[in-house]
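Per-entry structural report
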Amino acid sequence: MNVLLVSTFIILAIALAVWIPKFRLKCAIEARFPERFVAILEKNVPIYPRIPVELQQQLQLLIKQFLHQKKFYGCGGLEITDEIRVTIAGEACLLLLNRRPRVYPGLQSVLVYPAAFVAPRTEVAAGGVVTHSRQGLLGESWGDGRVILAWDHVQQGARNFADGHNVVLHEFAHQLDSESGSTNGAPLLRNLSSYRSWAAVFSREFATLQADALEHNTSLLDQYGATNPAEFFAVATETFFEMPAQMAEQHPELFEELKKYYRIDPQEWL
Ligand SMILES: [Zn+2]
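Below is a short write-up of the structure. (Residues numbered from 1 in each chain as written. Predicted model: local features only at pLDDT ≥ 70, side-chain atom pairs only at ≥ 80, totals over all residues. Heavy atoms only, no water.)

1. Some points on the nonpolar core
Worth spelling out the cut-off: Definition of nonpolar core: a set of buried residues of the types Ala, Val, Leu, Ile, Met, Phe, Trp, Tyr and Cys, connected through side-chain atoms within 4.5 Å. The cut-offs for exposure are 20% and 50% of the maximum accessible area for each residue type, with area from a 1.4 Å probe on protein chains only; residues under the lower value are buried, those over the upper are exposed, and the others partly exposed.
Among the nonpolar cores identified, the biggest contains 70 residues, and Phe66, Ile88, Tyr104, Phe172, Phe241, Leu258 and Tyr262 are the most heavily contacted of them. Within the second largest apolar cluster, eight residues are counted, among which are Phe117, Val129, Ile148 and Ala150.

So, in structure tokens, the structure goes:
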């Protein structure tokens, strides 16, 4: 009798442990998207009013899930506000539109500094960590479930959504990249032929950017992308979302690969 009771209790405890988080997530997703969040998106993510209503609704669902599942931590004295959470979640979730209901499953926390921060480590892309410094660090994406951002550069990147520079898009592209098991510029794709096409186009475009950087030629893509294939994918993502018409004209094959991957065409939002 006691054994039966204990077994029943254990099964019940396991069922509750599985059910409660799912129930909480369902409640969070079904809750009304607050008007003040819409106001934050309209102010800080200028692309938001330009995307179709159906995509705005998708984005709101993704943002609610993101805010429910990820923890934000203020660093260097920064106090986390709804403006910080919604702006970062809004831009990060742009990369997920039309693609999947999973919202960065490997990501647990977003650490935010008030401005560029300094970390005592070198710029090495290995073991899932991608670090880059441009006068201090603007952002970092770690394979262990963390993204670190400088809030002043998040605001700057969000408000000017046409210059090809956006630290949130950049770091969350690294998060997508790391879902394949290694951060190497090849995120999870649909099938083998997608990988073949991706590898051919990205290798060619990466080599071209490296040559441009070496020869001091101008280029549409930020030459930081010539650092390695992981940075190339992150930089190409920034350009794809912020300068789609120029990319479609100057790098049509790269644009098509990214259009297939992200399942949207940002040219339609111009
Ligand atoms: Zn990077």
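2. A look at the packing of helix H7 (residues 192-214) against helix H8 (residues 229-242)
Short version of the rule: To get an axis, fit a line to the C-alpha atoms, keeping to the stretch in contact for a helix; angles then go from 0 to 180 degrees between the N-to-C directions. A run of DSSP states H or I qualifies as a helix once it reaches four residues; a run of E qualifies as a strand once it reaches two. Both are numbered from the N-terminal end. These descriptions rest on fixed angle ranges, namely under 35 degrees for roughly parallel, over 145 for roughly antiparallel, 65 to 115 for roughly perpendicular, and the rest for oblique. Contacts are assigned to residue pairs with any non-hydrogen atoms lying within 4.5 Å of each other. Gly falls in the polar group here, along with every residue not listed as nonpolar (Ala, Val, Leu, Ile, Met, Phe, Trp, Tyr, Cys, Pro) or charged (Asp, Glu, Lys, Arg).
Between H7 and H8, the shortest axis-to-axis distance is 11 Å and the interhelical angle comes to 95°. In terms of orientation, H7 lies roughly perpendicular with respect to H8. Contacts from Trp198, Phe202, Glu205, Phe206 and Leu209 in H7 reach Pro229, Phe232 and Phe233 in H8. Residue classes in the contact of H7 with H8 are distributed as seven nonpolar, no polar and one charged.

3. Here we look at the coordination of the zinc ion
In an ideal octahedron of six donors the angles at the metal are 90 or 180 degrees, and in an ideal tetrahedron of four donors they are 109.5 degrees. Under the convention used in this document: Here a donor is any nitrogen, oxygen or sulfur atom (N, O, S) within 2.8 Å of the metal, with 3.2 Å used for Na, K and Ca; water is not among the atoms considered, so some sites may look incomplete. Square planar and octahedral sites, with four and six donors, are those where opposite donors lie more than 155 degrees apart and all other angles lie between 65 and 115, tetrahedral sites have four donors with every angle between 85 and 135 degrees, and the rest are irregular.
Around the zinc ion, the donor atoms from the protein are His170 (NE2), His174 (NE2), Glu231 (OE) and Glu231 (OE), and they sit 2.1 to 2.7 Å away. Here the zinc ion binds four donor atoms, and the angle range of 52 to 140° at the metal identifies the geometry as irregular. Linear spacing of the donor residues for the zinc ion on their chain is H-x3-H-x56-E. In this pair, His174 is assigned in helix H6 (residues 167-178) and Glu231 in helix H8, connecting sequence segments 57 residues apart.

4. Let's talk about H7
Our working definition: Here, expected helix span is obtained from the residue count minus one, scaled by 1.5 Å.
In a regular helix each residue adds 1.5 Å, so 23 residues correspond to 33 Å; H7 covers 33 Å between its end C-alpha atoms and thus fits that length. Among all positions in H7, only Trp198, Val201, Phe202, Glu205, Phe206, Leu209 and Asp212 are buried. As for H7, its buried residues are in contact with H8 and helix H10 (252-262).

5. A short note on the layout of surface pockets
Rules: Definitions used for this entry: grid spacing 1 Å over protein atoms alone; cavity, a set of points where a 1.4 Å probe fits but cannot get out; pocket, an open set with protein on both sides within 12 Å along at least 5 of 7 lines; lining residue, one with an atom within 4 Å of a point. Grid points are joined across faces, edges and corners, and a volume is the space filled by probe spheres set on the points.
By volume, the largest pocket is sized at about 270 Å³. Lining the largest pocket are 13 residues, and of these Leu188, Leu189, Arg190, Tyr261 and Arg263 lie nearest its centre. Broken down by element, the residue count for the lining of the largest pocket peaks at three residues, all from H10. By residue class, the composition of the lining of the largest pocket is four nonpolar, one polar and eight charged.

6. Topic: empty space enclosed by the protein
Rolled over the atoms, a probe as big as a water molecule pinpoints where empty space is left. Counted under the stated rule, the structure contains one cavity of 30 Å³ or more. Here the largest cavity defines a volume of roughly 40 Å³. Forming the boundary of the largest cavity are Glu205, Thr208, Leu209, Asp212, Leu221, Phe232 and His251. In terms of residue count, H7 provides more of the lining of the largest cavity than any other element does, four residues in total. Residue composition of the lining of the largest cavity, grouped by class: three nonpolar, two polar and two charged.

Geometry only, nothing functional implied.
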